[in-house]
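Report on the structure
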Amino acid sequence: MFETIEKDIIKNKQFLTDVHKGLSDEPKHLSSKYFYDKKGDELFQQIMHMEEYYLTNAELDIFQTHKCEIAQLFAPNKEPFNLIEFGAGDGMKTKVLLKELLDHEIPFDYVPIDISQNALDQLNQSLTKEMPALSFKGIQGDYFEVLNLLKEGNNKRNVVLFLGSNIGNFTNEEALSFTSEISDKLNTGDLLLIGVDLKKEPRKILLAYNDPAGITASFNYNLLHRINRELGANFDVAQFEHHATYDPVTGECKSALLSKIEQDVTIEKNTFHFAKWEPIHTEISRKYALKQLHQLAKKSGFIIKKDLFDTHRYFVDSIWEIKK
Ligand SMILES: C[S@@+](CC[C@H](N)C(=O)[O-])C[C@H]1O[C@@H](n2cnc3c(N)ncnc32)[C@H](O)[C@@H]1O
């Protein structure tokens, strides 16, 4: 119990330090990893069910259509392996694969990793109920902090999942550093399956991040509510406006919160000044060209084994292999 309290205090300190740094920088920014508290997890689940958020259905379509082929690629001779997932969330799409692997009686251990303890607790509950035969152990942590776990595993093959275009939340440098670190820690024959949203009609992309019902806006506002709740800040959230843009040249869909008035916000003993219409950048959701994704694979030391697309070619699940 004391360990949990200590961990929570450290996490809160880190949150405070990051918020302080982000709001002191020019332009102001906050990390999208802080979207996911209990309320943020709920709102993200609502986003996944929105018609405008085509990403979920596209990746689900890929898994449902190609689950047998994916299971074959993961364990061609039904050999035991570790299935490690970064940013597992509610595991809705992953469950299609888990079920397929169990149906084929392939022995594997599932290790979902997520920064949100609430997401992991809910996943734990649902997996225990829906798949009692599944061997799994969730781990709470930030992607970059838990990468070392890949090295520590037993000598079974590692297969890493990184779904939902989570890679889109990284800058180009962070994406290369993340996939390179994964590749460094994996062994010959290990795999990375990465789900990536592709460049497409800008209007379609923008609607997914700025829906008419305002669910994506509420998701963005929750970050300020969370800072109020956990760090005792006094953001007047109604005085901020959700704003999303998409640049087809860079592929960056950016979300920001704009201060509608000139105002001061206090967090602990620090005051942050906002000019009228000053933005806080909160998220990048980068869209990739297939060629760019393949370059990322090669630069980080992988070879591309297979690209799987949904019917509309909105999304790709690309399977990469280590050859050392
Ligand atoms: C966009 S959701 C996608 C969830 C799931 N992969 C899917 O495709 O439906 C992102 C998930 O990654 C987690 N996450 C975000 N940033 C993270 C980080 N830096 N480290 C670990 N998990 C993170 C969030 O808590 C959330 O569950």
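For the structure, check the block above.
Residues numbered from 1 in each chain as written. Predicted model: local features only at pLDDT ≥ 70, side-chain atom pairs only at ≥ 80, totals over all residues. Heavy atoms only, no water.

1. Quick word on the packing of aromatic side chains
What counts is decided by this rule: Here a pair means two rings of Phe, Tyr or Trp (six-membered ring of Trp) with centres within 6.5 Å. Their orientation is stacked below 30 degrees between planes, edge-to-face above 60, and tilted elsewhere. Exposure classes here rest on a 1.4 Å probe applied to the protein chains alone. A residue is buried below 20% of its type maximum, exposed above 50%, and partly exposed in between. Whether a charge sits over a ring comes down to the Lys NZ or Arg CZ being within 6 Å of the ring centre and within 35 degrees of the ring normal.
The full count for this structure, using the stated rule, is 26 aromatic pairs. Consider the rings of F44 and Y53, whose centres lie 6.0 Å apart with planes at 85 degrees: the pair is edge-to-face. Overall, the relative accessible area of 21% leaves F44 in the partly exposed class. Take Y53: its relative accessible area is 8%, and that puts it in the buried class. The structure contains a cluster of three or more aromatic residues connected by ring pairs, namely F35, Y36, F44, Y53, Y209 and F219. Its end group placed over the ring of F15, R226 keeps NZ or CZ at 4.8 Å from the ring centre.

2. Comments concerning the sheet that holds strand β9 (residues 252-259)
Condition: When DSSP finds two or more bridges between a pair of strands, those strands are recorded as paired. Each helix is a run of DSSP H or I of at least 4 residues and each strand a run of E of at least 2, with the numbering of both proceeding from the N terminus. Between two residues, a contact is recorded if the distance between any of their heavy atoms is within 4.5 Å. Axes, fitted as lines to C-alpha atoms, cover a helix only where it is in contact. Angles between the N-to-C directions of the axes lie from 0 to 180 degrees.
In space, the four strands of this open sheet follow the order β1-β12-β9-β8, with mixed pairing throughout. Each having just a single partner strand, β1 (28-29) and β8 (240-247) make up the two edges of the open sheet. Relative to β9, β8 runs antiparallel, the two being bridged by eight bridges. Counterpart to A244 in the pairing with β9 is S255. Sheet strands touched by helix α9 (residues 202-209): β8, β9 and β12 (279-286). Its angle to β8, the strand with the most contacts, is close to 155 degrees. Strand contacts of helix α10 (residues 215-231): β8, β9 and β12, with the helix running at about 120 degrees to β8, the strand carrying the most contacts.

3. Concerning helix α3 (residues 54-74)
What counts here: Helix span, as expected, comes to 1.5 Å for every residue beyond the first. Two axes enter the bend calculation: one fitted to the seven residues ending at the residue in question, the other to the seven starting there, and the bend is the angle between them.
Over its 21 residues, α3 runs only 26 Å from end to end, short of the ideal 30 Å by more than 12%, given 1.5 Å per residue. Of all the bends in α3, the greatest, near 75 degrees, is centred on H66.

4. Here's the deal with the site of the ligand
Applied cut-off: Here a residue counts as near a molecule or strand whenever at least one of its heavy atoms sits within 4 Å of it. Side-chain atoms alone can form a polar contact between residues adjacent in sequence; in general such a contact is a pair of N or O atoms within 3.5 Å, and within protein one must be able to donate a hydrogen while the other accepts it. Residue exposure ignores everything except the shown protein chains as possible cover, and the areas themselves are Shrake-Rupley values with a 1.4 Å probe.
Surrounding the ligand, one finds 17 residues, the nearest of these being G87, K93, D114, I115 and Y143. Contacts to the ligand include I115, whose backbone N or O atom sits 3.1 Å from a nitrogen atom. A distance of 3.4 Å separates a nitrogen atom of the ligand from a polar side-chain atom of D142. Expressed as a share of its isolated accessible area of 590 Å², the protein-covered part of the ligand is 93%.

5. Regarding the pairing of strand β14 (residues 315-322)
A large share of β14 lies buried, amounting to eight of its eight residues. Of the two faces of β14, the one carrying F315, D317, I319 and E321 and the one carrying V316, S318, W320 and I322 are both buried. The sheet contact formed by strand β7 (residues 191-197) and β14 spans seven bridges and is antiparallel. Bridged to G195 within β14 is D317. Taken together, the seven bridges between strand β13 (residues 302-309) and β14 define a ladder with antiparallel strand orientation. Within the sheet, the bridge partner assigned to I303 lies in β14 and is E321.

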